[in-house]
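This is what each chain is made of:
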Amino acid sequence: MKKNVASMAISGLLIATGLLSSLFSPLVSAQEPIEQEQQYQVIFQGDNHAQQIQAIETLIISGPQDVAVYDAIEASLKQSLTSAIDKKAIDYSSWLAKGLGYSGNEKYRATLTQIAEGDYHKKLRKYANEGISNISQYAIWNPILHAKTHVDLSPRLNAYSNALTSDDLILIRIAAKRIMYEREYSEVMLTQLSEQLTQPRLLDDSRLAIDTYAWLAKALASSGNDKFKPVIEAMANNAANKKLRNYAKKYLKTYF
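Worth saying up front: this structure is predicted, and the values here are computed from it rather than measured.

Caption draft 1: A look at the nonpolar core. With 73 residues, the main nonpolar core has Phe-44 and Leu-197 as its most contacted residues. Ignoring sequence-local partners within four residues, the contact set of Phe-44 consists of Gln-52, Ala-55, Ile-56, Leu-59, Val-69, Ala-72, Ile-73, Ser-76 and Leu-96.

What follows is the structure, encoded as structure tokens:
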């Protein structure tokens, strides 16, 4: 599902409001989880749809676990169904349905199932089904993401680190994408990316593995940090897989 032009256009306004800026901050106080939950609730209890869509994007890997946040998303979803007729409204409802699944909480399955099996637009039913799948997947992933493995890191960076060091290639790939999209180029995250590339413990010839390690390299290279350039160069010269060598050469040319 692509971010619509409207949400991109107001991104500067969202930062100015201060409601989302702290959600992306790499250095936060010890009270961050409580503050995040409160901010998410404010967002989803409001009526700024573009702001809510942007917030949902952050839930994919480092969202709060407070059920009140997802209750607010569920309430917004139910309210949106009566007007989910035109393209923009359907897109909004679809984002809510997809994001509700990031809770990993079975209590929301009934709501999503009702939509998936109901008389709604096919796009909305599609993403309700995706939300249902997300519930099952995030029931597995959330304990990994929210494990307090790195007490010296913010909950957000702890979640990224947990994802990168997991044994799940899909979760690792999601983390690499989010790090790049959010331009999370702190030393600790770049080091984590570098370690995964220099010790490719899950790399094999499968399409998923190759794609995952390509994203790890792309995220690291996109930082433009010369300290980690040798890692990409080594991959370009020495990776056993030809596709990975080609990806690394491309990233060297494009990002450095």
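Caption draft 2: Broad picture of the packing of helix H10 (residues 169-181) against helix H12 (residues 207-221). One can describe the packing of H10 onto H12 by two numbers: an axis separation of 9 Å at closest approach and a directional angle of 25°. When the interaxial angle is binned, H10 and H12 end up roughly parallel. Our pair here, H10 against H12, has a crossing hand that is left-handed. Residues Leu-169, Ile-170, Ile-172, Arg-173, Ala-176, Lys-177, Met-180 and Tyr-181 of H10 form the contact with H12, whose own contacting residues are Leu-208, Ala-209, Asp-211, Thr-212, Tyr-213, Trp-215, Leu-216, Lys-218 and Ala-219. Partitioning the contact of H10 with H12 into residue classes produces 12 nonpolar, one polar and four charged.

Caption draft 3: Looking closely at the confidence of the model for the protein. On average, residues of the protein score 86 in pLDDT, and 86% of them reach the 70 mark or higher. The secondary structure element of the protein with the lowest average pLDDT is helix H2 (residues 11-17), at 34, and the one with the highest is helix H7 (residues 109-116), at 98. Confidence over residues 1-31 falls short of pLDDT 50; this stretch has 51 contacts with residues more than four positions distant or in other chains.

Caption draft 4: Up close: the environment of Asn-246. Here Asn-246 is to be found in helix H14 (residues 242-255). A C-alpha to C-alpha distance of 9.1 Å links Asn-246 and Met-235, two positions 11 residues apart in sequence.

Caption draft 5: Representation of the pattern of salt bridges. Scanning the entire structure with this criterion turns up 11 salt bridges. Its salt-bridge partner being Arg-109, residue Glu-106 comes within 2.6 Å of it at the nearest N-O pair. Classification of Arg-109 by relative accessible area gives partly exposed; the value is 24%. We note a salt bridge from Glu-182 to Arg-178, for which the minimum N-O separation is 3.2 Å. Owing to a relative accessible area of 13%, Arg-178 belongs among the buried residues under this scheme. Among the charged side chains, a salt-bridge network with shared partners connects Arg-156, Arg-178, Glu-182 and Glu-184.

Caption draft 6: Quick peek at the environment of Glu-182. Looking at the element boundaries, Glu-182 is found in the loop between H10 and helix H11 (187-198). Spatially, the C-alpha atom of Glu-182 lies 9.3 Å from that of Thr-58, the residues being 124 residues apart in sequence.

Caption draft 7: Layout of helix H6 (residues 87-100). With 14 residues, H6 extends 20 Å between its outermost C-alpha atoms, agreeing within 8% with the 20 Å of an ideal straight helix rising 1.5 Å per residue. Across the 14 residues that make up H6, a large majority, 12, are buried. All of the buried residues in H6 are Ala-89, Ile-90, Asp-91, Tyr-92, Ser-93, Ser-94, Trp-95, Leu-96, Ala-97, Lys-98, Gly-99 and Leu-100. Backbone nitrogen of Lys-88 and a side-chain oxygen of the N-cap are separated by 3.1 Å at the start of H6; the cap is Asp-86.

Caption draft 8: The environment of Thr-165, seen in detail. Relative to the assigned elements, Thr-165 resides in the loop between helix H9 (155-164) and H10. For Thr-165, a relative accessible area of 39% gives the class partly exposed. Along the primary structure Thr-165 and Gln-196 are separated by 31 residues, whereas in three dimensions their C-alpha atoms are 7.7 Å apart. Residues within four places of Thr-165 in sequence aside, it is in contact with Gln-192, Gln-196 and Arg-201. Separated by 2.9 Å, the side chain of Thr-165 and the backbone oxygen of Ser-161 make a polar contact.

The rules behind each value
- Residues numbered from 1 in each chain as written.
- Predicted model: local features only at pLDDT ≥ 70, side-chain atom pairs only at ≥ 80, totals over all residues.
- Heavy atoms only, no water.
- Core = buried A, V, L, I, M, F, W, Y, C linked by side-chain atoms within 4.5 Å.
- Buried < 20%, exposed > 50% of the residue type's maximum accessible area, 1.4 Å probe, protein only.
- Contact = heavy atoms within 4.5 Å.
- Axes fitted to C-alpha atoms, helices over the stretch in contact; angles between N-to-C directions.
- Helix = DSSP H or I, 4+ residues; strand = E, 2+ residues; numbered from the N terminus.
- Parallel < 35°, antiparallel > 145°, perpendicular 65-115°, else oblique.
- Left-handed = near helix turned anticlockwise from the far one by under 90°.
- Nonpolar A, V, L, I, M, F, W, Y, C, P; charged D, E, K, R; others polar.
- pLDDT = per-residue confidence, 0-100.
- Salt bridge = Lys/Arg side-chain N within 4 Å of Asp/Glu carboxyl O.
- Expected span 1.5 Å × (residues − 1).
- Polar contact = N/O pair within 3.5 Å; in protein donor to acceptor, adjacent residues only side chain to side chain.

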